[in-house]
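Close look at the chain arrangement
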Amino acid sequence: MLLFNTRWKVFCLLVFVLCLHFQKCDGAELDVKALRKEAYEMFMHGYNSYMNYAFPADELMPLSCRGRIRGVTPSRGDVDDVLGNFSVTLLDSLDTLVVVNELDEFERAIDLVIKTVRFDSDLIVSVFETNIRVLGGLISAHVLAELVKTKHPERLQYYDKQLLNMAVEVGNRLLPAFNTTSGLPYSRINLKHGMLEHLKRQKDTCTACGGTMILEFAALTRLTGDPIYEVKARKAMDFLWQQRHRASDLMGTVLNVHSGDWVRRESGIGAGIDSYYEYTLKAYILLGDDRYLDRFNKHYEAIMRYVNKGPLFVDVHMHRPTVATRGFMDSLLAFWPGLQVLKGDVKEAIEMHEMLFQVIQKHKFLPEAFTHDFQVHWAEHPLRPEFVESTYFLYRATKDPHYLQVAKQIMDSINDYVKVPCGFASLKDIRTMIKEDQMESFVLSETFKYLYMIFTEPEDLIFDPDHFVLTTEAHFLPLSMGLQNNMDNPRKMILRSDEPKQSNYVCANPMDFTKLPTEREEAQLIRERTKMLLGEIRSAHLSGGGSASCDSPADRIRAWAFSANNQEHVKQLASMGIELVTKEDGRLHLSHQSANGKKVTCEIDDEPLCWDAWMRDDLARQIVTPSGVLHAYLYYFDYILVMFAYLCAFSVLIFCSSSRGSGIFPTIAMRIQRRQQNWQQNEHFD
């Protein structure tokens, strides 16, 4: 297959650049205002359905048009630990009313919450879920209520910190869960009676469960002046950091709340661990504590070294990070590109987001779990927000209309497949589009909030979202909480390194202002390259699974499982005539004696061998593999043809640039000039 080697791939990319040069937008221009209105109407349909058919119940059951009440509605087991008979959907969606500028309803909803919501039910609830949905929702609604009062003095005249007082009550009811040897909270607690004896026998908790408290609890401390909440949450974060694997800097997913011993050592970025990494970075953004940034950077480097494989992610053993633990990804990892944007690693974020979008293109929704060749592993889809969240941050960072198109496609799928007369129903199986009688509170709190904000410029909102950090449940916490004293400059999130120079505020997130932002053209090139790479990986999966000459799956070396330290793997390589030598610098030296007596050698780094083989387009391999005179002639003909194509393509670029006075070369010159300006401005943002 010489005609499909590296040079042709590069040539395709060059042709793509030429298309970008003449084409101003992806297809037809989107009517952003109409899409914003559509996102608003979708939120209001779900919100009004909840208020009309379910309130004061915790959740709406959209197929039966009634509320889900704990102790009345048939139990779903541990899933019901989200419910505490405290109107969680309303508490979770209060701040979204402000985002969509429904201020009249915001006033009415706050009044309803004050008069009807109580937290003393004799029910066992999830500490994690109660924190992010209830406590986070109350704090965010309180902050925005004060902001609305400031901007509109005629509104909320009855409000006097009642929501903050309710948040304090919730925080106090959760505090007993932290009474463990390690400081990690128990996973469940009784709202009325606290830690009952049978609850104290809980031994295990997930990493995310213990590491997703710091934002809400620190905010409660900063708003009330009571240090106990932040102290407890910091202790939990500090303990988790101590339990990382010191050699790999990776975390497991489940550990003992007393001893800290790991129960499950699988390490990834999905379920059970996701929001720990998120809160490690966002704790730095909110509080300005450099220790959290140092921790996140170490975790991030480890993840990108061991877990990230090109656009894909593979769960590994925290103590043996070259060995995979499972062959699928779960949908919760879709938050990662958004977090990468906050870190300033936009190019990597584009790559992973494109991978996830390809899964959605295939299945219309992101399944709860999917294999590395994009087959459905778990078919449910409860309208999770993580992919939409990442789409929002990537659009803010690149201003690429592609992400508007992605958001529109998501809205179209929601309207076509899950919208029902009484709200929006979860999907039990995305392959058959069978619905489930469930609408999670995060659909209103996160999914529709992010969709609306994608189509809304920050200046069109009642507040500037860049002065807030969004929690894992998309609740707003003001960055002013991180100020050490009143003399400090305001803190602000910056998502593009070319934002206008302003020396009167401090950048809250880690941003390298010496780098140019990733523009639309570059983003499109990254996406095209990612699609080709994914095509190669899928082809490798198919060819590997269908080859009659391969050993049985139980006998052959798995691509992600290969380890140079595994003697059994080395023996299998030796049986294939491959000699493996580990050099002093950690690289692997491979040599193979071919049938014609030639010795072929190559060197790779310490990443798993077969992943390198998939990710790299080894031109040398393609050259030496064909035999015979015909293949040699084809190769040289291919080479001359591609060189001629390059010459024609560059000639067109130069002609267009000189004749129209614009084009790719003036753009490059302008970007170099902007890079110099950014270097000069860098000291203002340090």
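Model, not experiment: these values are computed from the prediction.

**Thoughts on the overall build of the protein**
- Across its full length, the protein carries 23 helices and 25 strands.
- Within the protein, the proportion of its 686 residues that are buried is 56%.
- When the accessible surface of the protein is split by element, carbon and sulfur atoms take 53% of a total near 29,700 Å².

**Points about the packing of helix H3 (residues 88–99) against helix H17 (residues 442–454)**
- Contact geometry for H3 and H17: axes closest at 7 Å, N-to-C directions at 15 degrees. By the criterion of interaxial angle, the relationship of H3 to H17 is roughly parallel. Here H3 and H17 pass one another in a crossing that is left-handed. Here H3 contributes Thr 89, Asp 92, Ser 93, Asp 95, Thr 96 and Val 99 to the contact with H17, which in turn contributes Phe 442, Leu 444, Ser 445, Lys 449, Tyr 452 and Met 453.
- Residues of the contact of H3 with H17, tallied by class, amount to five nonpolar, four polar and three charged.

**A closer look at the environment of Ser 140**
- Along the chain, Ser 140 turns up in helix H5 (residues 127–151).
- In this structure Ser 140 touches Asp 95, His 475 and Phe 476, once residues within four positions along its chain are discounted.
- In this structure the side chain of Ser 140 is engaged in a polar contact, spanning 3.0 Å, whose partner is the backbone nitrogen of Phe 476.

**Comments concerning the UniProt feature "binding site: Ca(2+)" (unreviewed entry) in the protein**
- Look at the UniProt record and you will see "binding site: Ca(2+)" (unreviewed entry) annotated at Thr 472.
- Locating Thr 472 in the fold gives a position in the loop between strand E19 (468–470) and strand E20 (476–478).
- In this structure Thr 472 comes out as buried when scored by relative accessible area, which is 16%.
- With sequence-adjacent residues up to four places away left out, Thr 472 is seen in contact with Ile 132, Thr 212, Ser 275, Glu 278, Tyr 279 and Glu 446.

**Quick look at the pattern of salt bridges**
- Summed over the entire model, instances satisfying the criterion amount to 35 salt bridges.
- When the shortest N-O distance is used, the salt bridge between Arg 133 and Glu 129 registers 2.9 Å. Pair noted here: Arg 133 and Glu 129 are both in helix H5, with a separation of four residues, about one helical turn.
- Residue class for Arg 133 comes out buried when judged on its relative accessible area of 3%.
- Here Arg 222 ties to Glu 230 by a salt bridge, and the two come within 2.9 Å at their closest N and O atoms.
- With a relative accessible area of 34%, Arg 222 lands in the partly exposed category.

**Observations concerning the environment of Met 42**
- Following the sequence through the fold, Met 42 ends up in helix H2 (residues 32–53).
- The exposure class assigned to Met 42 is buried, which follows from its relative accessible area of 2%.
- C-alpha of Met 42 to C-alpha of Asn 415: the two residues are 373 residues apart in sequence and 8.3 Å apart in space.
- If we ignore the near neighbours within four places in the chain, the residues touching Met 42 are Met 411, Ile 414, Asn 415, Phe 424 and Phe 448.

**Considering the nonpolar core**
- Judged by nonpolar contacts, the single largest core of 178 residues is most densely connected at Ile 214, Trp 336, Met 355 and Ile 414.
- If sequence neighbours within four positions are ignored, Met 355 has contacts with Pro 311, Leu 312, Met 329, Phe 370, Phe 374, Thr 530 and Leu 534.
- In terms of nonpolar packing, the next biggest core, distinct from the first, is built from five residues, Ile 494, Tyr 505, Cys 507 and Met 511 among them.

**As for the side chain of His 475**
- With respect to the helices and strands, the residue His 475 is situated in the loop between E19 and E20.
- With a relative accessible area of 0%, His 475 lands in the buried category.
- Each residue touching His 475, except ones within four places of it in the same chain, is listed here: Asp 92, Asp 95, Ile 132, Arg 133, Gly 136, Gly 137, Ser 140, Ser 445, Lys 449, Val 469 and Leu 470.

**Some points on the confidence of the model for the protein**
- Of the residues in the protein, 75% reach a pLDDT of 70 or more, and the chain-wide mean stands at 84.
- In the model, residues 656–664 has pLDDT below 50 throughout and makes 17 contacts with residues more than four positions away in sequence or in other chains.
- Scored below 50 in pLDDT, residues 682–686 makes ten contacts in the model with residues more than four places away or belonging to other chains.

Rules of the game
- Residues numbered from 1 in each chain as written.
- Predicted model: local features only at pLDDT ≥ 70, side-chain atom pairs only at ≥ 80, totals over all residues.
- Heavy atoms only, no water.
- Helix = DSSP H or I, 4+ residues; strand = E, 2+ residues; numbered from the N terminus.
- Buried < 20%, exposed > 50% of the residue type's maximum accessible area, 1.4 Å probe, protein only.
- Areas by Shrake-Rupley, 256 points an atom, 1.4 Å probe, with all protein chains shown as cover.
- Axes fitted to C-alpha atoms, helices over the stretch in contact; angles between N-to-C directions.
- Parallel < 35°, antiparallel > 145°, perpendicular 65-115°, else oblique.
- Left-handed = near helix turned anticlockwise from the far one by under 90°.
- Contact = heavy atoms within 4.5 Å.
- Nonpolar A, V, L, I, M, F, W, Y, C, P; charged D, E, K, R; others polar.
- Polar contact = N/O pair within 3.5 Å; in protein donor to acceptor, adjacent residues only side chain to side chain.
- UniProt positions renumbered as here; feature names shortened; annotations may be inferred.
- Salt bridge = Lys/Arg side-chain N within 4 Å of Asp/Glu carboxyl O.
- Core = buried A, V, L, I, M, F, W, Y, C linked by side-chain atoms within 4.5 Å.
- pLDDT = per-residue confidence, 0-100.

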